[in-house]
Amino acid sequence: MTILVTGGAGFIGSHTAVELLEKGYDISIVDNFSNSHEESIKRIKEITNKEFKVHKVDMQNFEALDQLFKKEEIDAVIHFAGLKAVGDSVVRPLTYYRCNITSLLNLCEVMAKYDVKKLIFSSSATVYGNPKEVPIAETSPLSAENPYGHTKLMIEEILRDLHKADPSWRIAILRYFNPVGAHESGRIGESPIGVPNNLMPYISQVAMGIQEKLRIFGNDYDTYDGTGIRDYIHVTDLAKGHLKALQYLDNHEGIDAFNLGTGVGYSVLDLVNNFKEVCAKDIPYEITDRRPGDIGVCYANPEKARALLGWQTEKSVADMCRDAWKWQSQNPQGYV
């Protein structure tokens, strides 16, 4: 069985590629490397000691995608490719709509053409908007607070309509909470281009002295220390969730959504303090204004994924910080 992994050179895609290869799957990666690094491909091969095909393709290019499917026998697709920064999406909404929606439409049209109808979609907890209650279950109301979240929500609706029109599709929508950490080897991890948009790599770079100090966006949320609370999940646990979803689709028809999170919320300052313990370094920070589109509290009810997929997280927040620090300290400039 060959699994096409779109965005497979990225943070979550590369870790999922490793898990797939180590479980005996054949994979093929497609990535345009606009927000990822070709070095990650070499390191996936190094970790797994396995070879696979890589296609440098922009998924907004329908013809290039069509040629890929024409040449390869694909059995299923895990779709990670897309733009993903909340703050950037507020500044560049049209870019996000064009990239994320067009890529999905092209992918589904090509999959239908070649009768490949098994799909795992990389969604996000942002589809819950500003939740009225936590923990958040899959039955919670859906909304979005920013263009990035809107693209995920729109794609979910597109996929539901697609399945309604053709019930032979098997689709798992995985709603991630906050992926952090790195592979335990320290060989692959999160390698942002430019100033990090996500919290953990920013903390890591402050610890390394690459960034002067951490900016914490708001300390006036209705939380126990005033900073935002999130459900941080180790990227390896998250990657394993995709394998469980793939196995689920082998035996179940239809379309369904699953939360992938720990079910535990940690504040920004919690994460900072845990990281300080792991790296034994000070993490200077300053409090700044809230970012547009940010919310106060967001953590998962992961019971559905446990019950139906047989999946649950194994790694602690200390594991997340330790592995992120190992990655950053061994690769101060990321993949560069």
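Scroll up to find the structure this text is about.
Keep in mind it's a predicted model, so treat the numbers as computed, not measured. (Residues numbered from 1 in each chain as written. Predicted model: local features only at pLDDT ≥ 70, side-chain atom pairs only at ≥ 80, totals over all residues. Heavy atoms only, no water.)

## What about the overall build of the protein?
What the protein contains, in helices and strands, is 11 helices and 14 strands. Taken over C-alpha atoms, the radius of gyration comes to 19 Å for the protein, in line with the 20 Å a tight globule of 336 residues would show. Taken along the three principal axes of its C-alpha coordinates, the protein extends 55 × 45 × 40 Å. Contacts in the protein between residues far apart in sequence, at least 24 positions, make up 80% of those at least 6 positions apart. Summed over its atoms, the accessible surface of the protein is roughly 14,300 Å², and 46% of this surface lies on carbon and sulfur atoms. Placing the 36 positive and 45 negative side-chain charges of the protein at their respective mean positions leaves the two points 3 Å apart. (Helix = DSSP H or I, 4+ residues; strand = E, 2+ residues; numbered from the N terminus. Rg over C-alpha atoms; globule rule 2.2 N^0.38 Å. Contact = heavy atoms within 4.5 Å. Areas by Shrake-Rupley, 256 points an atom, 1.4 Å probe, with all protein chains shown as cover. Lys, Arg positive; Asp, Glu negative; His and termini not counted. Charge placed at Lys NZ, Arg CZ, Asp CG, Glu CD.)

## Digging into the environment of Ala 165
With respect to the helices and strands, the residue Ala 165 is situated in helix α6 (residues 147–165). Here Ala 165 falls in the exposed class, since its relative accessible area comes to 67%. Between the C-alpha atom of Ala 165 and that of Glu 38, which follows or precedes it by 127 residues, the distance is 38 Å. (Buried < 20%, exposed > 50% of the residue type's maximum accessible area, 1.4 Å probe, protein only.)

## With respect to the sheet that holds strand β3 (residues 53–56)
Sheet architecture is open: 7 strands sit in the order β3-β2-β1-β4-β5-β6-β11, paired in parallel fashion. Of all the strands in the sheet, just β3 and β11 (254–260) have a single pairing partner and so form its edges. Averaged over neighbouring strand pairs, the angle between their axes works out to 20 degrees when direction is ignored. Both strand β5 (residues 118–124) and strand β6 (residues 170–176) contribute to a ladder of 7 bridges, which runs parallel. Bridged to Lys 118 within β6 is Arg 170. Together, β5, β6 and β11 form the strand contacts of α6, whose direction differs from that of β5 by roughly 155 degrees. Its contacts with the sheet put helix α8 (residues 235–251) on β1 (2–6), β4 (76–79), β5, β6 and β11, and the angle it makes with β6 is roughly 160 degrees. (Pairing = 2+ DSSP bridges. Axes fitted to C-alpha atoms, helices over the stretch in contact; angles between N-to-C directions.)

## Side note on the pattern of salt bridges
All chains considered together, the criterion is met by 23 salt bridges. Note that Glu 156 is salt-bridged to Arg 175, the shortest N-O span being 2.7 Å. On the criterion of sequence distance, the pair formed by Glu 156 in helix α6 and Arg 175 in strand β6 is long-range, its members being 19 residues apart. Using a relative accessible area of 0% as the deciding quantity, one classes Glu 156 as buried. A salt bridge links Lys 276 to Asp 282; the nearest nitrogen and oxygen atoms lie 3.8 Å apart. The exposure class assigned to Lys 276 is partly exposed, which follows from its relative accessible area of 30%. Since its relative accessible area comes to 54%, Asp 282 is described here as exposed. Salt bridges here are not isolated pairs; linked through shared partners, they connect Glu 156, Glu 157, Arg 160 and Arg 175. (Salt bridge = Lys/Arg side-chain N within 4 Å of Asp/Glu carboxyl O.)

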